[in-house]
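# Descriptive structure summary
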Number of protein chains: 2
Amino acid sequence: MRRGHHRRRSSTPSVDFGVDDEEEEESEAQMKCVSCKEDYSSRDAGTCRECYEEASETEEELKREIEDLKAKVNFLRFWSPSQHLHQQQRTTPFFSDIVLVASHDESGKSTPHPVPVPANRALLASRSPVFRAMLENEMEESLSGTIKISDVSYEALRAFVTYLYTADACLDELMACDLLVLAEKYQVNHLKTYCEKFLISKLNWENSLPNYGFAHQHNAKKLLDAALSLIMENMDKLSKREEYKELVDKDPRLVVEIYEAYLSKQVNTAVQKDPVAKA
Amino acid sequence: MRRGHHRRRSSTPSVDFGVDDEEEEESEAQMKCVSCKEDYSSRDAGTCRECYEEASETEEELKREIEDLKAKVNFLRFWSPSQHLHQQQRTTPFFSDIVLVASHDESGKSTPHPVPVPANRALLASRSPVFRAMLENEMEESLSGTIKISDVSYEALRAFVTYLYTADACLDELMACDLLVLAEKYQVNHLKTYCEKFLISKLNWENSLPNYGFAHQHNAKKLLDAALSLIMENMDKLSKREEYKELVDKDPRLVVEIYEAYLSKQVNTAVQKDPVAKA
């Protein structure tokens, strides 16, 4: 986390911590920083040694807490049947008493012979209220021992089940979208947040409109807000984009919402600039 | 984590970070600490402002990581049948397909009508290699659907199963000992470490000998070392203790190990004090 910050010193002005610069101007005394070992003048003064020592203690305590939590996560991870199958070279998966199948792929075409993904009823029920309702009551899925899931690829379904076991997933943008859809459908909030964070980290002007539409469709509020503010920073270029024209045809309501958000933002900024206008 | 440290300032000498005191003596310049807002002289100098800002960033990053890990732990916690029973006012526990019973209490007396603790096979197998071996292969327990556990109270057994589901336990010293024994028997290392840490935090001169014996019996290495070093700090009082006489009768070998450890410690200290003696 320590960056070679002394290149920055001149370039970025450091935040004002309320030290009165005029007052400090006079003294040109130097002190040695116990962390970077360089001399600093009073205008660059940070903390006294005791505050530094306490901050270091705090950092150590936080790191210990992180180690404990990581150990807890490892303990709580559930054996993934596929992992186990792999690790133990077994022919039957580990305590699986139900299978999930991708009945239709993303294109909506029904898959003739879908590869089943083995899972455990109690595990599914403990991770998703939708699965719980399905499996506690004598629904078709519970009786047949097969849960059909539509509009998903085998890869996405497998990743979904693995996440339910381990809280781990290897994401790219496509997989993050597929898993967000499943997380939304089966109310696995932890996974939904995880995918949303990933997609937000990948946002740029090029993909902001598609992400805006996608977020709208799947109630991904954080992703929606992030995409929207990115779009509003580029309103002049908006109407020229291909995706814009498509969105106007496909779902003009969403385009209206962009303009409404933009306008109310402009009004707010105006009010802040000129509070009199408020009255 | 910030303690009111200015009472401490005079009392506790701060660690030497290699600042040359003679050199600093001359300048009596003061700087203002951005953290505690008090003036400090160069002999109390801590960090420059940039190191302070970077340390603060680091602290924020660590805190965010802790939040993420806590959310992950909550997601990975498994529904405890009893929790669920309680929460949902149901008569049959949640996806339980096996029961554990305390066949004999701590005193070794067989319990005529033990109350069964419901659990889930996959969960038990994923938390303990001993349960896994039991339940994967067609052992008596797997076929009968009942796992008999001896020398344990119903309360301890229930707490043990709850820990396997949630990685949480409410400990006192007795419960920590009971759970450590079960964790040792069923190879649940995470729980064993958890109980060991708790017992170490409760160590004092009064309970050091019983803890030493207990740790020895159950291969609790960390607890053993902690208890042993506490005992070695009080060797003069050792032989007067009631527990000492009991231990000499019950297991003199353990007493011998105390004296051996004490002697080798004395020899090491002597060598450190007088390196010539080494040669």
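Report follows, based on the coordinates. (Residues numbered from 1 in each chain as written. Chains lettered and ligands numbered in written order. Predicted model: local features only at pLDDT ≥ 70, side-chain atom pairs only at ≥ 80, totals over all residues. Heavy atoms only, no water.)

The next subject is helix α8 (residues 154-166) of chain A. All names here are of chain A. Compared with an ideal rise of 1.5 Å per residue, which puts 13 residues at 18 Å, α8 spans 18 Å between its outermost C-alpha atoms and is within 8% of the ideal. Within the span of α8, buried status applies to A156, L157, A159, F160, V161, Y163, L164, Y165 and T166. One or two residues past the end of α8 sits A167, with phi positive at roughly 60°. (Helix = DSSP H or I, 4+ residues; strand = E, 2+ residues; numbered from the N terminus. Expected span 1.5 Å × (residues − 1). Buried < 20%, exposed > 50% of the residue type's maximum accessible area, 1.4 Å probe, protein only.)

For B:E65, the position within the fold is in helix α3 (residues 49-76). Through-space distance from the C-alpha of B:E65 to that of B:E242 is 49 Å; in sequence the pair is 177 residues apart.

The next point concerns the packing of aromatic side chains. Residues and elements named next belong to chain B. With the rule as written, the count across this model stands at 13 aromatic pairs over all chains. Each ring, one from F131 and one from F160, has its centre 6.4 Å from the other, and the planes form 45°; the classification is tilted. Of this pair, F131 sits in helix α6 (residues 129-136) while F160 is found in helix α8 (residues 154-166), placing the two residues 29 residues apart along the sequence. What makes F131 buried here is its relative accessible area of 0%. (Phe/Tyr/Trp six-rings, centres within 6.5 Å; stacked < 30°, edge-to-face > 60°.)

With that settled, the discussion passes to the relation of the copies chain A and chain B. With an RMSD of 0.1 Å, the fit of chain A onto chain B corresponds to turning through 179° and sliding 0.0 Å along the axis. Put plainly, the chains are arranged around a two-fold axis. A high fraction, 100%, of the interface residues of chain A reappear at the interface in chain B, so the copies pair face to face through one surface. (Least-squares fit on C-alpha atoms with pLDDT ≥ 70 in both. Contact = heavy atoms within 4.5 Å.)

All names here are of chain A. For strand β4 (residues 98-102), a buried count of four out of five residues is recorded, marking the element as mostly surrounded by other parts of the structure. Examined bridge by bridge, β4 and strand β5 (residues 117-119) share three bridges and lie antiparallel to one another. When the sheet's bridge partners are listed, L100 is paired in β5 with V117. With four bridges connecting them, β4 and strand β6 (residues 146-149) associate as parallel partners. From the neighbouring strand, L100 faces β6, where its bridge partner is I147. (Pairing = 2+ DSSP bridges.)

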